[in-house]
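Descriptive structure summary
Here is how the chains run, residue by residue.
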Amino acid sequence: MKELEKFAGKNMPYKESEDYVAQLIERSANRAIKTAASAPKRGKVLRWTLEAISAAAVLLIGVLSFVDLNRESDFEKIQNSMTLSEVLNSMSEEELMSVNCYVIEDIPEYE
Amino acid sequence: MRSKATEIEILEMLRNPQERDRGFRLLLSTYGDKLYWHIRRMVVSREDAEDAMQEMSIKVYSKLDSFKGDSSLFTWMYTIATNEALQVLRKQAGLFRSLDDSDLANSLVDTLYAENAVECSAAEIIFQEALLQLPTQQRLAFNMRYYDELTYEEMAAVTGKNVSTLKSNYHFAVEKVKKFIKENAI
């Protein structure tokens, strides 16, 4: 460290006057105080904007789900247009097995 | 020990809403000079240093309530100043480049030559050029120790790194700077 200090010292190669640095510090302090003073106003505008956006989003979601709920599903369309026997006849064996929820157990013989 | 009495006085002013702005001005006038030069050494350009200084001041003022007093006010502000300086460098390096990219180092050296005053010595310029060749973390460690004479504990508080990492960063930085000077000094 001493070696380096001897070589170049601790000065910077750009010489700024003390006045320049002092003025910059003062400007920075003023700007920080001003920015903080205007922050609540900006905060209010931002909050209103966010509230408006979220209200619109909730409304949109509500409308979309209403439309969706009232739309007839494909299954319902088939149900409404065909009789049960027609539906069952149109299904393959595997499909029939998959909707067969009841397992009919053998009835034990009565002794 | 960094003027503790003044820090306590400033803290009292900052906690009092009527005295807050005056306390903040006093805080900046106490440490502003040191923080400006820390930023300037990192970003080199005068214009960038001004921007970083202003951003730092805004952040310090807006976060005064969150200052818990775990470190000194100076260390806390120094951390914010360091982050602002690194932010400037990140912008310069671009989104996908590392802070240790050689293009960034070359651009900082160009700025150094463009902004240096006529009266400075060749040794000062070579020394600064040597520093700008260092990886950013080593340059930061070197600046904190060499120029600002922070203790390793203070450096650890600022960077969030452990003392042994900082010691090795500083050691490698000194070796690289010496080597650069040997190779480039006239």
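Residues numbered from 1 in each chain as written. Chains lettered and ligands numbered in written order. Predicted model: local features only at pLDDT ≥ 70, side-chain atom pairs only at ≥ 80, totals over all residues. Heavy atoms only, no water.

**Remarks on the overall build of chain A**
Here is the rule we go by: In this text, helices come from DSSP runs of H or I with a minimum length of four residues, and strands from runs of E with a minimum of two, each type numbered from the N-terminal end. Burial here depends on accessible area, computed with a 1.4 Å probe over protein chains only, as a share of the maximum for the residue type. Under 20% is buried, over 50% is exposed, and the range in between is partly exposed. In this description, accessible areas are obtained by the Shrake-Rupley approach with a 1.4 Å probe, and a residue is regarded as covered only by the protein chains that are shown.
Per the secondary structure count, chain A includes five helices and zero strands. When its helices and strands are written in sequence order, chain A yields α-α-α-α-α. Out of the 111 residues belonging to chain A, those deemed buried represent 14%. Surface accessibility of chain A: about 9,800 Å² in total, with carbon and sulfur atoms responsible for 61%.

**Digging into the interface of chain B and chain A**
Counted only if it meets this: Residue contacts are defined here by distance: any two heavy atoms, one from each residue, within 4.5 Å place the two residues in contact. Two parts placed together each lose some accessible area under a 1.4 Å probe, and adding up what both lose gives the buried area. Whenever Lys or Arg places a side-chain nitrogen within 4 Å of a carboxyl oxygen from Asp or Glu, that contact is recorded as a salt bridge. Polar contacts, as used here, are pairs of N or O atoms within 3.5 Å; protein pairs need one atom able to donate a hydrogen and one able to accept it. Residues neighboring in sequence count only if both atoms are side-chain atoms. Throughout this entry, Asp, Glu, Lys and Arg are counted as charged residues, while Ala, Val, Leu, Ile, Met, Phe, Trp, Tyr, Cys and Pro are counted as nonpolar. The remaining residues, Gly among them, count as polar.
Taken together, the contact between chain B and chain A spans 42 residues of the former and 27 residues of the latter. Summing the contributions of chain B and of chain A, the shared interface buries around 3,300 Å²; its carbon and sulfur component is 67%. By the criterion of area lost to chain A, the three top residues of chain B are B:Gln54, B:Glu124 and B:Tyr146, representing 19% of everything that side buries. Across the contact surface, chain B and chain A share three salt bridges. For the salt bridge of A:Arg27 with B:Glu50, the shortest nitrogen-to-oxygen distance reads 3.4 Å. Our enumeration of links across chain B and chain A arrives at six residue pairs in polar contact (both at pLDDT 80 or more). Elements with a contribution of two residues or more to the side of chain B that touches chain A: helix H2 (20-43), helix H3 (46-62), helix H5 (102-115), helix H6 (122-132), helix H7 (136-147) and helix H9 (163-184) of chain B. Of all the elements, H2(B) adds the most residues to the side of chain B that touches chain A, at 11 residues. A class-by-class count of the residues in the side of chain B that touches chain A yields 23 nonpolar, six polar and 13 charged.

**Structural notes on the confidence of the model for chain B**
As a reminder, the rule being used: pLDDT: the predictor's confidence for each residue, scored from 0 to 100.
Of all residues in chain B, 94% have pLDDT values of 70 or greater, and the mean over the chain is 89. Averaged pLDDT values over the elements of chain B bottom out at 84 in helix H1 (residues 4-15) of chain B and peak at 96 in H3(B).

**A look at the packing of aromatic side chains**
Residue and element names in this part refer to chain B. Heads up, the condition is: Pairing of aromatic side chains here covers Phe, Tyr and the six-membered ring of Trp, requires ring centres within 6.5 Å, and sorts the geometry by plane angle: under 30 degrees stacked, over 60 edge-to-face, intermediate tilted.
In this structure the tally under the stated criterion is 11 aromatic pairs over all chains. Ring plane angle 50 degrees and centroid distance 5.0 Å describe the contact between Phe67 and Trp76, whose orientation is recorded as tilted. Among the residues examined, Trp76 registers a relative accessible area of 14% and is labelled buried. Within the aromatic cluster, the residues linked to one another by ring pairs are Phe127, Phe142, Tyr146, Tyr147 and Tyr170.

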